[in-house]
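A structural walkthrough
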Amino acid sequence: MTQALVALRKDALLQWRTRGRFVAVFVFGATALLLFSFAIGPSAGALRQHAAGFLWLALMLASTLALGDSFHGEMENRALEGLVLLPASPVALYYGKALANWAQLALLGVALVPFMVVLYDAPPGGALPLIGLILLGTAGLSFPGTLYAAMTVQVRGSQTLLPLLLFPLVVPVLLAAVSATSLVMTGDPMDQLRSWTLLLVCFDLIYASLCGLLFGRVVES
Amino acid sequence: MATAVMDTKTSDTSTPYMVAGAGLLLLVVGSYWGLAYAPRETYMGDVQRIMYVHVPTAWNAMLAFTFAFGCAIASLIRGGYRWDTRLEASMEVGVVLSTLLCIQGAIWAKPTWGVWWDWDPRLTTTAVLVLAFSGIIALRSFVDDPGRRAVWSAVAAIIAYVDVPIVYFSVKWWNSLHQMQSTPETVSKAFHWPLRINAIGILLLMWGLIALRARIAALRLERQLQPPPEAA
Amino acid sequence: MLAGRNGSGKSTLLRVLATALRPDLGTARVAGLDVVHDRDEVRSRVALLDHKSQVYDVFSALENLELVARFLGDPKRDRARCMAVLEEVGLADRARGPVAEFSAGMRKRLALARVLLKAPDVALLDEPYGELDPPGFRLVDGVLDRLRRQGSTVVMATHLVDRGREHCDRALVLAAGGVEWDGAARQLPADAGIVA
Amino acid sequence: MTGIGVGVIEGGWEFVWGAYGASAVILIGYAVSIHRRYRAERRRTGQGAR
């Protein structure tokens with residue numbers, strides 16, 4: 001357990017030292033939000049209706065950049081292999097990296113919300129449930145995403161491979177997060193929020209444990 | 001470890017061909033029966049006949065991916081390349097069958113619902129499945145090292161397969177908001193025979209194709225793995 | 001000591017012994033343990049000096065060592081111990097600067113510090129003298145002697161035959177993956193396996 | 001053309017043939033491609049080791 005904390009501290013420090021990249025990823029997300037509105041046109045009604053969808057699409061696209069970057073630091077001087085050979089347990093290394101990525105993506109999501117509210121004139125709804133959903137949704141992206149990032153960073157053409165592997169997998173996260181977010185923003189007449197939230201929680205638990213099990217095999221040469 | 005690449009039944013190459021041939025034969029018989037002899041369905045009319053090829057394809061596509069899931073687990077646990085070649089084969093056959101399934105589904109939806117794609121949970125899940133496993137096949141082509149390719153695609157196949165039920169439920173809930181649940185293919189007793197024949201037909205065809213495709217993978221692997229020149 | 005031309009398999013052998021590379025055929029044992037079955041046990045006993053420095057560029061030299069120390073989880077490897085090791089490899093004055101600005105020689109010293117910090121039973125050193133300046137050579141000699149005094153077995157791959165003869169007991173010359181010469185390091189012919 | 005929706009669907013044979021045609025083309029086309037690839041691999045390996 002302590003190794004997981006050591007790994008988490010290492011990844012948090014790693015992300016803090018490379019925070020310049022986070023700003024770039026945030027700008028990418030904000031740009032995506034803007035581009036969506038150009039694609040739909042200036043009518044406030046249409047934009048407001050799809051605001052949740054655009055938020056999560058922008059977040060998904062931006063998160064593949066963030067996830068793809070998260071392993072560059074590890075691969076530069078075979079630093080990750082250096083840790084694995086100590087031996088540091090791959091499970092600890094995985095959860096350290098996955099939790100750090102989760103925090104980064106959640107921060108990214110929260111930072112994008114004001115943009116969405118302004119651009120799409122979308123009612124933010126309850127701040128707390130919105131943040132809760134962002135946490136659940138970004139967890140669903142981060143756990144499998146971290147595993148796939150560890151795989152694809154070791155291969156050329158990883159920028160295309162990571163989304164290619166990740167997006168079909170996280171279809172349930174997108175469906176649940178978008179539906180739940182729009183329910184939070186525009187009211188929930190038939191009380192479906194609970195079932196969407198439950199689905200997100202299940203997805204997160206399943207992939208947090210499954211990816212933790214399989215990560216060791218991915219980093220072993 | 002590298003030598004345990006070839007399947008045991010490599011010498012006799014005719015079995016897969018015979019199995020596949022038998023499958024094709026059954027398919028012709030079942031289809032002919034479904035098209036010519038089976039009675040018209042009361043509401044759906046003749047469009048119903050698409051079911052005799054659509055439902056068997058659905059069963060077998062799911063079977064192919066389930067077999068791939070088994071191969072992935074075996075490949076991770078047992079090591080060696082025998083299960084890896086079968087994983088590669090069953091994933092490719094699974095993708096081909098699922099793609100065919102989507103095409104059939106679209107052709108069936110047009111006369112029935114007036115749109116080519118009616119977001120039926122089963123079909124939408126199949127479409128996601130096609131994308132997920134095509135991504136894994138792409139991953140295999142990106143990775144040159146055979147050992148790593150075997151482990152990583154097995155890991156990805158397990159992750160993708162576990163996702164199938166979750167995708168199905170999420171699409172089902174998401175879809176139920178828009179329109180009432182599309183009528184499942186109600187197949188009454190009289191129509192069962194062409195369905196079963198075609199199902200077995202596609203099963204045999206699939207089995208033969210997977211066996212052959214696994215051998216292709218094994219032969220390629222053998223060439224790639226050229227054992228180092230024997231020390232003098 | 002391992003000698004031999006480039007591509008004769010020195011690095012591969014060291015990486016297999018360090019469990020960084022899984023052998024396709026055959027078996028290997030380190031300190032009496034099999035590299036495949038007792039992998040984690042081997043890893044806790046072995047330290048590898050790879051030609052890649054295995055350090056984080058965005059961290060400082062001290063942070064890199066403290067990270068290793070924390071993962072090894074041994075309380076006596078605290079900051080003081082890390083600083084002492086940095087002192088030994090001559091990086092004390094650059095302890096806090098980010099490794100990104102380190103020269104190749106300084107990275108090699110930091111990598112050596114990692115090995116010293118772990119104080120393994122078996123030290124696998126791949127070209128320890130590479131990229132180092134003359135004072136660096138003397139430093140490596142010191143490290144070799146210290147590891148031996150600590151009772152560690154050292155397996156070193158190098159082209160500097162004269163240094164090998166001085167510091168090692170036994171020498172092997174590899175060629176195309178096989179052993180071409182094996183005997184006391186003193187008798188290692190100056191050009192064994194390196195010329196022609 | 002076909003009556004769409006709840007009523008009885010007449011005709012629609014073109015869709016039936018379309019579905020069966022697509023199935024035949026894909027299944028048989030894929031089988032042929034596997035056969036050709038298999039023969040190519042055996043020839044390449046045949047000349048080599050065995």
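The sections below set out a description of the structure shown in this document. Predicted model only: the values in this text are computed from it and were never measured.

Concerning the side chain of Q104 of chain A
Residue and element names in this part refer to chain A.
- When you line up the elements, Q104 lands in helix 6 (residues 90–120).
- Here Q104 falls in the buried class, since its relative accessible area comes to 15%.
- Ignoring any residue separated from it by four or fewer positions in sequence, one finds Q104 in contact with Q15, F22 and A66.

Comments concerning the interface of chain D and chain B
- Contacts between chain D and chain B engage 31 residues on the former and 41 residues on the latter.
- Together, the buried faces of chain D and chain B total about 3,300 Å²; carbon and sulfur atoms form 72% of this surface.
- The interface formed by chain D and chain B holds three salt bridges in total.
- Between R37 of chain D and E92 of chain B there is a salt bridge, with its nearest N and O atoms 2.9 Å apart.
- Our enumeration of links across chain D and chain B arrives at seven residue pairs in polar contact (both at pLDDT 80 or more).
- Taken together, the residues that form the side of chain D that touches chain B break down as 17 nonpolar, nine polar and five charged.

Details of helix 5 (residues 146–176) of chain B
- The end-to-end C-alpha distance of helix 5 of chain B is 44 Å, a good match for the 45 Å that 31 residues give at a rise of 1.5 Å each.
- The sharpest bend along helix 5 of chain B comes to roughly 35 degrees, located at V164 of chain B, with the proline P165 of chain B sitting one to four residues further on.

Re the arrangement of the chains
- The chain pair with the greatest number of contacts, out of four pairs of chains in contact, is formed by chains B and D.
- The two units chain A and chain D never meet; even their closest C-alpha atoms stay 24 Å apart.
- Across the gap from chain C to chain D, with no contact made, the nearest C-alpha atoms are 20 Å apart.

Side note on empty space enclosed by the protein
- Per the stated rule, a full pass over the model turns up six cavities of 30 Å³ or more.
- Every residue lining the largest cavity is listed: G82, L85 and L86 of chain A together with V46, A47, L48, Q54, V68, R114, V115 and K118 of chain C.
- For the lining of the largest cavity, the elements supplying multiple residues, two or more each, are strand 4 (46–49) and helix 5 (104–118) of chain C.
- Of the residues that constitute the lining of the largest cavity, the class distribution is seven nonpolar, two polar and two charged.

Criteria and thresholds
Residues numbered from 1 in each chain as written. Chains lettered and ligands numbered in written order. Predicted model: local features only at pLDDT ≥ 70, side-chain atom pairs only at ≥ 80, totals over all residues. Heavy atoms only, no water. Helix = DSSP H or I, 4+ residues; strand = E, 2+ residues; numbered from the N terminus. Buried < 20%, exposed > 50% of the residue type's maximum accessible area, 1.4 Å probe, protein only. Contact = heavy atoms within 4.5 Å. Buried area = accessible area lost by both parts, 1.4 Å probe. Salt bridge = Lys/Arg side-chain N within 4 Å of Asp/Glu carboxyl O. Polar contact = N/O pair within 3.5 Å; in protein donor to acceptor, adjacent residues only side chain to side chain. Nonpolar A, V, L, I, M, F, W, Y, C, P; charged D, E, K, R; others polar. Expected span 1.5 Å × (residues − 1). Bend = angle between axes of the 7 residues up to and from the residue. 1 Å grid on protein atoms, 1.4 Å probe; cavity = no way out; pocket = protein on both sides within 12 Å on 5 of 7 lines; lining within 4 Å. Points joined across faces, edges and corners; volume = space filled by probe spheres on them.

It is worth stressing that arrangement in space is one thing and function is another; only the former is reported here.
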